[in-house]
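Chain by chain, the residues:
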Amino acid sequence: MKAVQINKTGGPEVLEVKDISLDKPGPDQVTIEQKAIGLNYIDTYHRSGLYPLKLPIGLGLEGAGIITDVGENVKDFKVGDKISYAGIPLGSYSSHRNYPTKNLVKVPDGIDLEIAATLMTKGLTTFYLLHKTYPIKSGETILFHAAAGGVGQIFGQWAKNLGCTVIGTVGSDEKVNIAKENGYDHVINYNKENFAKKILEITDGKGVPVVYDGVGKDTLDGSIECLAIRGMMVSFGNASGPLSDINVPKVIQPKGLYLVRPSMQQYLSTREELDEASKTMFEKISSGKVKIKIFKKYKLEEVIQAHQDLEGRKILGPAVIVPN
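Procedures and definitions
Residues numbered from 1 in each chain as written. Predicted model: local features only at pLDDT ≥ 70, side-chain atom pairs only at ≥ 80, totals over all residues. Heavy atoms only, no water. Helix = DSSP H or I, 4+ residues; strand = E, 2+ residues; numbered from the N terminus. Rg over C-alpha atoms; globule rule 2.2 N^0.38 Å. Buried < 20%, exposed > 50% of the residue type's maximum accessible area, 1.4 Å probe, protein only. Contact = heavy atoms within 4.5 Å. Areas by Shrake-Rupley, 256 points an atom, 1.4 Å probe, with all protein chains shown as cover. Pairing = 2+ DSSP bridges. Polar contact = N/O pair within 3.5 Å; in protein donor to acceptor, adjacent residues only side chain to side chain. Core = buried A, V, L, I, M, F, W, Y, C linked by side-chain atoms within 4.5 Å. Phe/Tyr/Trp six-rings, centres within 6.5 Å; stacked < 30°, edge-to-face > 60°. Lys NZ or Arg CZ within 6 Å of the ring centre and 35° of its normal. 1 Å grid on protein atoms, 1.4 Å probe; cavity = no way out; pocket = protein on both sides within 12 Å on 5 of 7 lines; lining within 4 Å. Points joined across faces, edges and corners; volume = space filled by probe spheres on them. Nonpolar A, V, L, I, M, F, W, Y, C, P; charged D, E, K, R; others polar. Disulfide = S-S within 2.5 Å.

Visitor: Any details on the overall build of the protein chain? Residues and values, ideally.
Guide: What the protein chain contains, in helices and strands, is 10 helices and 16 strands. For the protein chain, whose C-alpha radius of gyration is 20 Å, the value lies close to the compact-globule estimate of 20 Å for 324 residues. A principal-axis box enclosing the C-alpha atoms of the protein chain has dimensions of 60 × 40 × 35 Å. Burial status across the protein chain gives 54% buried among its 324 residues. Of the contacts formed within the protein chain by residues at least 6 apart in sequence, a portion of 68% connects residues at least 24 apart. For the protein chain, the computed accessible surface area is about 14400 Å², with 50% contributed by carbon and sulfur atoms.

Visitor: Before we move on, could you go through the sheet that holds strand 2 (residues 16–19) and cite the residues and values that matter?
Guide: Taken in spatial order, the three strands of this open sheet run 2-1-4, and their pairing is antiparallel. At either end of the open sheet lies a strand with only one pairing partner, and these are strand 2 and strand 4 (57–58). Across two bridges, the pairing between strand 1 (residues 2–6) and strand 4 is antiparallel. Residue pairing for strand 4: Gln5 is matched across the bridge by Gly58.

Visitor: Describe unusual backbone geometry, naming the residues involved and giving the relevant values.
Guide: Here the amide bond leading from Leu55 into Pro56 is cis, since omega sits at -5 degrees, within 30 degrees of zero. Its location among the elements puts Pro56 in the loop between helix 1 (42–48) and strand 4. With an omega of 5 degrees, the peptide bond running from Ile88 to Pro89 counts as cis. Unlike most non-glycine residues, Ala146 shows phi in positive territory, near 60 degrees. You can see Ala146 is positioned in the loop between strand 9 (141–145) and helix 3 (150–161). Residue classification places Ala146 among the partly exposed positions, given a relative accessible area of 33%.

Visitor: Residues and numbers for the side chain of Asn40, please.
Guide: Of note, Asn40 is situated in the loop between strand 3 (29–38) and helix 1. Since its relative accessible area comes to 6%, Asn40 is described here as buried. A polar contact of 2.8 Å, which involves the side chain of Asn40, links it to the side chain of Glu62. If we skip the residues at most four places from it in the chain, Asn40 touches Glu62, Thr121, Lys122 and Leu310.

Visitor: Let's hear about the nonpolar core: which residues, and what values?
Guide: Within the largest apolar cluster, 54 residues are counted, with the highest numbers of intra-cluster contacts made by Ile142, Phe155 and Tyr212. Counting residues per element, this core draws most heavily on helix 2 (residues 113–133), at 11 residues. Counting residues in hydrophobic clusters, the runner-up holds 17 residues, among them Leu143, Ala196, Val208 and Val211.

Visitor: Provide a residue-level description of the packing of aromatic side chains, including the pertinent values.
Guide: Following the criterion strictly, the structure yields seven aromatic pairs and no others. Stacked on the ring of Phe77, the Lys or Arg Lys106 has its end atom at 5.5 Å from the ring centre.

Visitor: Any details on the layout of surface pockets? Residues and values, ideally.
Guide: Considering only enclosed or pocket space, the second largest pocket measures out at about 260 Å³ in volume. Forming the boundary of the second largest pocket are 13 residues, of which Gln153, Ile178, Glu181, Asn182 and Lys293 lie nearest the centre. Listing elements by their share of the lining of the second largest pocket, those giving two or more residues are helix 3 and helix 4 (176–181). Residue contributions to the lining of the second largest pocket peak at three residues, all from helix 3. Tallied by class, the residues present in the lining of the second largest pocket amount to seven nonpolar, three polar and three charged.

Visitor: I'd love a proper account of the state of the cysteines, names of residues and values included.
Guide: The tally for this structure, following the rule as stated, stands at zero disulfides. Distance from the sulfur of Cys164, which forms no disulfide, to the nearest cysteine sulfur (Cys226) is 15 Å. Look at Cys164 and you get buried, because its relative accessible area is 2%. Exposure remark for Cys226: the relative accessible area of 0% places this residue in the buried category.

Visitor: Can you tell me about the environment of Tyr212, naming the residues and giving the values?
Guide: Structurally, Tyr212 is set in strand 12 (residues 208–213). Separated by 82 residues in sequence, Tyr212 and Ile294 place their C-alpha atoms 23 Å apart. In terms of polar contacts, Tyr212 uses its side chain to reach the backbone carbonyl oxygen of Leu129, at 3.2 Å.

Structure (structure tokens):
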């Protein structure tokens, strides 16, 4: 059995593939033979130290596979079940692992485990953004940054299916068509155009009621500028760097804006919440309302290259690590 671990924080070179042996699963755990592992930008935050962790530690928040053993208290899962998960404890970058049942969901027949592995973080993030953080209404015009990315591709299709006019921003011309293929009505290259000005033109000067922003530092000012009165800034990522301090009287007060920094743990902390979200997500996939295309697959031994590609913005959609 193999797992990726880090003994110190830093660049991709700190990632090490090591041989491991597993104990029997704990009372509330299962042992998973992993078939696919989700690759997410947050993994680079854990590796670099932006989000500090106690070292040494494994990386990865998301995976899918087959249960090969169950703990003595486990009632709702059995050997042979197809499952997927996202959330702590870290350590999905591995061929096999023990994992608590708290964050597990069963994968319906007909959904590929590679798709399920990349869905758990990105799909569940899309669910809580659209249905919980700012529950959108049909007919609204909304903005999502990094529209060609893994979350962005799912978000665009999902939001369009819910009846929204969806504006997306991207960082290069090659990503414009990717975003348009995934449901975005308007796509803006923010490295070429002033996206805030363009959005105000699209909305006849009103602005948008909500901005979903996983980019961070580079897009904050423009996002605030193009929000409507009482609009909501949903900041859920830092791809360009963490947000600087917010001057509330200057930035928030003039339009009575809301600023929220959500995470999955705040919306999917109970079995009921997780079941509701995963049921909705899998229905979107099974019905074809949201289509997932894996952009690239890596072997576990190629994890350094995978992180280099992540940080180099070379991954234009969902990507997975296939351990075996």
